[in-house]
Each structure stands twice: as structure tokens, then as C-alpha cells.
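Examination of the molecular architecture
Okay, here's what each chain looks like letter by letter:
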Amino acid sequence: MRGWCKSFAILSVVALGACAPAAATGGPRSDAGDSATGQSPPPNIILLIGDGAGLAYWSAAKLAGDSLAIERMPVAGLVDTRGSDYPRLVDSAAGATAFASGVRSYNGAIGVGVRCRELMRADSAAVMRDPASCDPLPSFFDLARERGMSTGLITTTNITDATPAAFASHVPDRSMQAEVAQQYIRKGIDVLMGGGRDFFDGTARADGRDLLVDLCQRAVCLSNAEEFNAYRPDDRSVVGLFAPRLMPAAAEREPSLAMMTRAALAKLSRNPAGFVLMVEEEGTDEAGHHNWPLPQLLDEVRSLNAATEVALAFAQTHPNTLVIVVADHETGGLTLKRDADTLAVAYSTTGHTHEMVPLFAAGPGAERFGGVKENWEIGRLLMDVVRAEQPKQ
Ligand SMILES: [Zn+2]
């Protein structure tokens, strides 16, 4: 790590993109790979998560006549989404932790293992003094950072909410979003975009600490669509917090998930060592929880689809890019039915369900993700991809 990069890290600010390549593996690799080992460099990873978006969500858009990005992805599979609390229904925290770290954990766990819950029961005060030490599970984001790759998180809810948080922080419970914000800054995530400004803003945080003061001196901070539209990527990290909490539904959302994805890719692809990016559409989960009618449900699926289109277009011009589209669980027990000779929706619950969810993959190594998998296996495979390892037999 170069001196000035090191001092930035010590100052607990978002690390500059320029610092990223000088990591454990000794700097950026070219696309030609490591000539000493003959290993090819790990591909970029774009992981799109439609929160709650089970098979019926995609089916609804297809039956509505939409042309779907997933139809052009050559590999499909199914994912068993249960967490370690099964038969309790899995939540987004356990779901994302499995994808991020390759380990099945408990509901509410953010990047931590099942032992963390025992540690909390034994001495919660001790855990709270250093939440990141509570049986932390390394994620493929952590591995990517060690390899000098850039990292990015995008969502349409709080950027500190369970799904993004599990990739780049470690806390015993998903409610600890103020702590998640601090861990992001300590780690130096290169791209953060979504809602959840309240967890960075001193006037809204319970501890009164304003994380934005330091952060925005060193990273590009964006807070509305106008600033977003004027953004031009440079070596600095970018933090776009466009709502105090959850961003509006897809029809009113600015910037859109697809626009955020495009901007993130423009920024992350500046790093010759590559990147990992997680993109979450939360609106599909909202649709399921609130049993939204078909038109509003379709808006959210179309938002996810549009972001997937952006990812696939990027992969066309950057072939060393693996694109995966998956859900953390199904929400709503969505059923597609006929109502007065038109397509209609029905729901069996306002909660999550145990149904397996679809996975779609394209790009180098995509075939490893096909077939029927458990959620934690997806995380293991993503770890292998970042390590540029062949799958274990
Ligand atoms: Zn949910």
C-alpha cells in the first residue's frame, strides 16, 4: 500500500480508487493474466438481486409481453434460499450473507456466522463494543478488495439495509444500520448508491456523528438526480444517497436503478484489476409484502430488468464479466392467474415463502451456477471466481 493511500485508510475515509490496485497480490493485473502462474485474472462480477423476486415475478413480465434480459442469459438454475433458522422463513439478511460469504446463517445476521448469536447471548455488551468481531465471515467482496479489485453496492432501499450490508460489513443484527455505514467508510467501498442518507447524516443518527463531513471531502457525494446527472467518474469514490431511507417506487424513482448501475460501471471499470458490484432491486420485495396489483409489480420487475440490460450491455464490451441475476427469497407467494380473461396476480401471504428462486448467469464461468443449488453454494462459487480457482470436484 502506498504511503498516501495508507494514511487515507488510517483516517477512516473511503479509499480512493487509485489506492485499490496496490493490495496483497501486488498490484493490477493485465487482461493477459498472471504469466508466472498461467492463471487468468478473475472476471468482473455483477450480481443483481431482485429482492423477493421469485419465478412468478419474471413470468408476469414475460406474459405481459416484455422482452427480458434474462432470456439472453445462457445459464439458468434454481436456488434453495433457506437460512440456518429453517423452518423459520428466511430473511434478506441471512439470504444475502449466504450469497456474500458462502455460509448459511441466522435471520438478521449481516456477514456473521451462527456463533455470533451465541456470543450476543453470552455478553451482548462486549459484542457491541466491537460488532465487526462477532464471528465475521469474509465475503467475496473482502477477497476482491484484497486482490485490488474495486467494489460497489447499489440498492433502491437504504444502502445500509440487509442485502447490501451483508457484502461489506459484519454486525450481529440487521437493525444496526448506523454501524454498517461506519464499516463501509472504514473499508473504502468505491461505489455506494441508493437511499439511507439518515444513517450517515449527523442530524439523523442517534449518536449525532456526521459521517458525511469527512466522507464528502474525499469522495464524490451526490444527493439528488441533478447532481447524479452531472457526475463524471474520476479516481475518487462515489457516494450517492438519494433518499433519507427507502427510495420511491420505480415509477417515481430518480435516478433509476438502471442509471445507477450504468454510472457505477463507468466508475468501477476504471480499475484495470477489475471489480465486483452488487445491484439490488428492493421494489420487488415491497410489491410482495404489500400485495401490489399487477401494474405496480411490473414496474419493479421492469426496473430490475432494465438494470440487467445495462449489465449485459457492459459485458458485451467487457467480455471478462460474469453477470448473475438471482433472488434472496420469494415474497408474497405470488401466483399468476386469469381474471376476466386477462392476466392477474394473487398472493398467498404478505411475508416471505420457502419456494426456490430462479438464477440466471452469463459470462466466464457462468455454467458453474446452473442446476439446483443452495444459496450458500452460490457464495462459495463467487469466492472461487474471485480467487480465479477452478470449481472443486
Ligand atoms: Zn422482505
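Heads up: the structure comes first, above all this text.
Summarised in this report is the structure supplied together with it. (Residues numbered from 1 in each chain as written. Predicted model: local features only at pLDDT ≥ 70, side-chain atom pairs only at ≥ 80, totals over all residues. Heavy atoms only, no water.)

**Some points on the nonpolar core**
- In this structure, F140, L153, F167, Y184, F200 and F369 are the most contacted members of the largest nonpolar core, which totals 55 residues.
- With six residues, the single largest contributor to this core is helix 13 (residues 375-386).
- Grouped together as the second largest cluster of nonpolar side chains are 52 residues, L298, V301, V345 and Y347 included. (Core = buried A, V, L, I, M, F, W, Y, C linked by side-chain atoms within 4.5 Å. Buried < 20%, exposed > 50% of the residue type's maximum accessible area, 1.4 Å probe, protein only. Helix = DSSP H or I, 4+ residues; strand = E, 2+ residues; numbered from the N terminus.)

**What about the side chain of H170?**
- Mapping H170 onto the fold places it in the loop between helix 6 (162-168) and helix 7 (177-187).
- Within polar-contact distance, the side chain of H170 engages the backbone oxygen of G111 at 2.7 Å.
- Each residue touching H170, except ones within four places of it in the same chain, is listed here: I110, G111, V112, P131, A132, P136, L137, P138, D142, Q183 and K187. (Polar contact = N/O pair within 3.5 Å; in protein donor to acceptor, adjacent residues only side chain to side chain. Contact = heavy atoms within 4.5 Å.)

**Here we look at the coordination of the zinc ion**
- Protein ligation of the zinc ion involves D285 (OD), D285 (OD), H289 (NE2) and H352 (NE2), the donor distances falling in the range 2.1 to 2.5 Å.
- Seen from the zinc ion, its four donor atoms lie at angles of 54 to 153°, and the figure they make is irregular.
- Of note, the donors binding the zinc ion are all from one chain and are spaced D-x3-H-x62-H. With D285 in helix 11 (residues 283-289) and H352 in strand 12 (residues 352-353), this pair connects stretches of sequence that are 67 residues apart. (Donors = N, O, S within 2.8 Å, 3.2 Å for Na, K, Ca; no water. Tetrahedral: all angles 85-135°; square planar, octahedral: opposite > 155°, others 65-115°.)

**Notes on the pairing of strand 7 (residues 275-281)**
- Of all seven residues making up strand 7, seven are buried, and the element is well covered by its neighbours.
- Pairing geometry for strand 1 (residues 44-50) and strand 7, over six bridges, is parallel. Directly across from I46, in strand 7, lies its bridge partner L277.
- Pairing analysis gives six bridges linking strand 3 (residues 150-158) to strand 7, with the strands arranged parallel. By the bridge assignment, S150 is partnered in strand 7 with F275. (Pairing = 2+ DSSP bridges.)

**Examining unusual backbone geometry**
- That bond from Y86 to P87 is cis: its omega, 15°, falls within 30 degrees of zero.
- Positionally, P87 belongs in the loop between strand 2 (75-80) and helix 3 (92-101).
- If you check the backbone angles, A340 has positive phi at about 50° while not being a glycine.
- Of note, A340 is situated in the loop between strand 10 (335-339) and strand 11 (342-346).

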